[in-house]
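# Inside the fold
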Amino acid sequence: MSSDEKPAAPRSLAEALRARDDASLAALLRSRPDLITPVPTDLTQLATRAGTRASVVRALERLDRFAQQTAQALAVAGDPATYDELLGLMASDARDPVVAAALPRALGTLREQALVWGGDDQLRLVRTARELLAPSPQHPSPTGLGPTVREATAGMSPGRIQEIVTAAGLPSTHDSVSAVASLTDLFTDRDRMSALLAELPPDSLEVLERLVWGPPYGQVTPDPAPRLRLLLDRGLLLPTAPGTVVLSREAALHLRGGRAHRAPEPVPPAVEAAATHSPQMVDATAAGQAYTALSTVEELLRDWDEGGPNVLRAGGLSVRDLKRTAVALDVPEPVAAFWVELAYAAGLLASDSEVDERYAATPAHDEWLERPAAERWAHLASAWLAATRTAGLAGGRDAKDRALSALGPGLDRSAAPEVRHRVLTLLAELPPGTAPVAESVPARLRWEHPPRGARQEDDLRSRLARWTLSEAELLGVTGRGALSAHGRALLGASAPAPGGTPAGEGGRGPAARARTAAEAGGATPASPGDKLPVHKQHRPEAAPGVPGPQSPPAVVSVPPVCPTAPGSPAEQAAAVAEAARILAPLLPEPLDHVLLQADLTAVAPGPLRRPLAETLGVLADVESKGGATVYRFTPASVRRALDAGRTASDLHAFLAAHSRTPVPQPLAYLIDDVARRHGHLRVGAASAYVRCDDDALLNEILADKRSAGLGLRRLAPTVLAAQADPAALLEGLRALGYAPAAESAAGDVLITRAHSHRTPPRAAPDPVPEGPPAPDAVLLSAAVRAIRAGDLASTAPRKPTAATREDGELPRTGSAETLATMQAAVLTGESLWIGYVNAEGTASQRVIAPIRVEGGFVTAYDHTADEVRTYPLHRVTGVAELADDSA
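Residues numbered from 1 in each chain as written. Predicted model: local features only at pLDDT ≥ 70, side-chain atom pairs only at ≥ 80, totals over all residues. Heavy atoms only, no water.

Moving on: the pairing of strand 26 (residues 867-872). Strand 26 sits mainly inside the fold: five of its six residues count as buried. When strand 25 (residues 857-862) meets strand 26, the two strands line up antiparallel, connected through six bridges. Note on strand 26: the bridge partner recorded for Val-858 is Tyr-871. (Buried < 20%, exposed > 50% of the residue type's maximum accessible area, 1.4 Å probe, protein only. Helix = DSSP H or I, 4+ residues; strand = E, 2+ residues; numbered from the N terminus. Pairing = 2+ DSSP bridges.)

Laid out in structure tokens, this is it:
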């Protein structure tokens, strides 16, 4: 072929794939990872797999709206179609310049996804996609177009077709095929079609206008009205079933001005700005909310420290326990579900797997508490970004009408991490300090991934986007609706120019990253989460298409920080560390003091250091939260501190050391008064007993009618026995206004402290992926090489011999002929085509260049695997020489 000649047009998708370079194949496998599992043996198998229904449906769903509209237009165009025909369907006869400018990108996306193949003069939509998108009565096209004239008249009698042709002003023909072709030519001729429509009355044109944008089907009576009779006689409406007529595709396109879609959407809707704040205000607001998030999670886990609520039999929290948690955290129930799910996703709480199964903090919670506040927040935020569990679904119902509970099954949505990253990326594309219009973000996502359902505003991705915006604000990733500096660092994104490219258009989309990796040599530095090579000993045989030890290595997966985030796991970890570094100076410094007031309250003007907060939480009750926390001292709270082993002098010293104001006299009196009465009564175990050195006090208790339920009776002047257990007796006496203390069997006062309950070590829940995971650069490089080598073996020309078969089966030769041919090839250096069956019984064909034959094995350079391998001769089914032009 001379240099001036154009390469021959591909005759199939396999040939089109064969003409691609390695970077383009890698981009295809990255964007459609289902094609690589398992690795195809050659390009023909790759093309076959790319045309399967499940794979095509998945690929179509991942397209943006304009790319989908382009595929839908190709489905109603001719097969094959030209680029000009497609341009007319998308940009109309007026050739909309915006649509015309965006069409090459959309068509390039379809080609890259192997949904369209062929040159601009012969564009072909893969057969499965055409079947899915072409109009039919059972599955109407999103374009609203109906069948062609040829399809609509397939069951019509020849006489009726001739009547329509004559009524339309066309000469009659001798057969139905030419008559249908003549009618089609009329409807596709703009001038003649306009003249035909000009003859119709307005009421007939009104009928066409109602059908032109779909649905194209209508109902008629056996005796249609005159306005309908005119349309039926001229073939503008064609009968498809008794009482049903349809507007043909050609006629509808003329009425539409050649446009396949009523409203093409070549440009994604912009994320509109709702308000603009100073970046400093946004960062300060987000930092304050980040600290509140830490305090809320700590309070939740402190509330469950001794063992949280029971696990439902079906899993998850009961409605009652979620309400109780919401009250304890002083938040609405949906927000409480978010905090519970966040702590679970971060690995800070889990079920204890005991017989009476309960939720409790994990050992990782104690380690988390010891880390700096900024690192603790970064841990929560990164867990939120990567989690597939979706707290917003809690309280709803699943497809089987079963209730969905917090921490229960059924809350995983594999699209959640991707949507969170995309929403934050859209916020990062806005100028710093800019908050978006809330509804413009879901609208953008609906363009990038159009939903299939009719109620597009309520699709899952739109709801995930709204939940992401509210959860990001709760967590402190955003402040006043705008992305904060530490949120931007967590995302690993610098501030791009507004109006960045959407997913799939470029930037850091899958295809762009695949091309970048391929251009860089298809390898990346090893880091945690990458596919790490595992070196294995050389084996004489290997399964077909499976790389050997030299090229490329086997891999072991290490779970990444977030599989949907761009960059390697090491880069993601660096982004989390950078976010913590930026947030650290914005968080308030913990205080070591409070302000005591005369009304038995203490005001903490900011966050307290943990030892101070823990002790004060025992000594007083939290009355209100906010910028300042108010604690109230009560007799019950002081008694709680005394029960924990503190003495009155300890409490006085503690308050004096940590108060910026003098200890008020009422508070000192309260502590002394409770301490003086504390332990005067002693409760121990008989069933239970009360002893007191003051028999008059015991007489007073016996005389009190309210103590009748305790079943008290005197055993001795200073001892009362009770039928209630010690715990109930303690509570009963305290309810009567006394301050008893529990004692041990030895007579010592029992110190009651909260006993922390921990689960066994638990890992954070793994995200549930959506389909097969995206392959990394190492796997892509290996897969492309294996596919290329397998394709070489399957397409290499062979010399016609008795060993070869025209039906494509493996060559068959006897043992002696196989050995002799191998030995001759060693001397001449020629390549051979062999059939091979591995240890698992899988047959394959390979192209090898024998190097050595001895001991029943042949050592050869395997073009299929692109490495030197050793094969046992008894597994070779036969050999054949390659044609001379195969070199």
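Moving on from the coordinates now.
Under the defined criterion, the tally for this structure stands at 41 salt bridges. A salt bridge links Glu-429 to Arg-422; its shortest N-O distance comes to 4.0 Å. Of the two residues, Glu-429 and Arg-422, both sit in the buried class. Across the pair Glu-448 and Arg-422 runs a salt bridge whose closest N-O atoms are separated by 2.7 Å. Here Glu-448 is found in helix 22 (residues 440-448), whereas its partner Arg-422 is found in helix 21 (residues 416-428), with 26 residues between them in sequence. If you follow the salt bridges from partner to partner, you end up with Arg-160, Glu-163, Arg-229 and Asp-233 in one network. (Salt bridge = Lys/Arg side-chain N within 4 Å of Asp/Glu carboxyl O.)

Let us now look at the packing of aromatic side chains. Applying the stated rule across the entire model yields three aromatic pairs. For the pair Tyr-836 and Tyr-871, a centre-to-centre distance of 4.8 Å together with 65° between the ring planes defines the contact as edge-to-face. Linking Tyr-836 in strand 23 (residues 832-837) with Tyr-871 in strand 26, this pair joins segments that are 35 residues apart in sequence. (Phe/Tyr/Trp six-rings, centres within 6.5 Å; stacked < 30°, edge-to-face > 60°.)

A few words now on the sheet that holds strand 14 (residues 595-597). The strand order across the open sheet built from four strands is 14-15-17-16, with neighbouring strands paired in antiparallel fashion. Because the sheet does not close on itself, it has two edges, and the strands there are strand 14 and strand 16 (621-624). On average, each strand axis in the sheet is inclined to that of its neighbour by 30°, with strand direction left out of account. Note that strand 14 and strand 15 (residues 601-604) share three bridges and pair antiparallel. (Axes fitted to C-alpha atoms, helices over the stretch in contact; angles between N-to-C directions.)

Sheet architecture is open: five strands sit in the order 26-25-24-23-27, paired in antiparallel fashion. Whereas interior strands pair on both sides, the edge strands pair on one side only; in this sheet they are strand 26 and strand 27 (876-881). In this sheet, neighbouring strand axes are inclined to one another by 45° on average, regardless of whether the strands run parallel or antiparallel. Where strand 23 meets strand 27, five bridges bridge the pair, whose relative direction is antiparallel. Within strand 27, the residue paired with Leu-832 across the bridge is Glu-881.

Turning our attention to the nonpolar core. Formed by 89 residues in total, the largest nonpolar core has its most connected members in Leu-29, Leu-46, Leu-74, Phe-187, Leu-236 and Leu-237. Per-element tally for this core: the top contributor is helix 5 (residues 65-76), with seven residues. Excluding residues that lie within four positions of it along the chain, Leu-237 makes contacts with Val-207, Leu-208, Leu-211, Leu-228, Leu-231, Leu-232, Val-245, Val-246 and Leu-247. Core analysis: the next-biggest nonpolar cluster, separate from the first, contains 72 residues, Val-271, Ala-290, Leu-369 and Leu-583 among them. (Core = buried A, V, L, I, M, F, W, Y, C linked by side-chain atoms within 4.5 Å. Contact = heavy atoms within 4.5 Å.)

This next bit is on the confidence of the model for the protein. Confidence in the prediction of the protein, expressed as mean pLDDT, is 81, and 85% of residues score 70 or more. Mean pLDDT per element in the protein: strand 13 (residues 554-556) is the minimum at 28, and strand 11 (residues 482-483) is the maximum at 95. With pLDDT under 50 throughout, residues 802-807 is counted as low confidence; its partners more than four residues away or in other chains account for eight contacts. (pLDDT = per-residue confidence, 0-100.)

Here the focus is the packing of helix 20 (residues 373-386) against helix 21. As a packed pair, helix 20 and helix 21 sit with axes 7 Å apart at the nearest point and diverge in direction by 115°. Touching Trp-384, Leu-385 and Ala-386 of helix 20 are Pro-417, Arg-420, His-421 and Leu-424, all from helix 21. A class-by-class count of the residues in the contact of helix 20 with helix 21 yields five nonpolar, one polar and one charged. (Nonpolar A, V, L, I, M, F, W, Y, C, P; charged D, E, K, R; others polar.)

Okay, the environment of Trp-833 next. Counting through the fold element by element, Trp-833 comes out in strand 23. The exposure class of Trp-833 is buried, given its relative accessible area of 3%. When the C-alpha atoms of Trp-833 and Val-847 are compared, they prove to be 4.7 Å apart, with 14 residues separating the residues in sequence.

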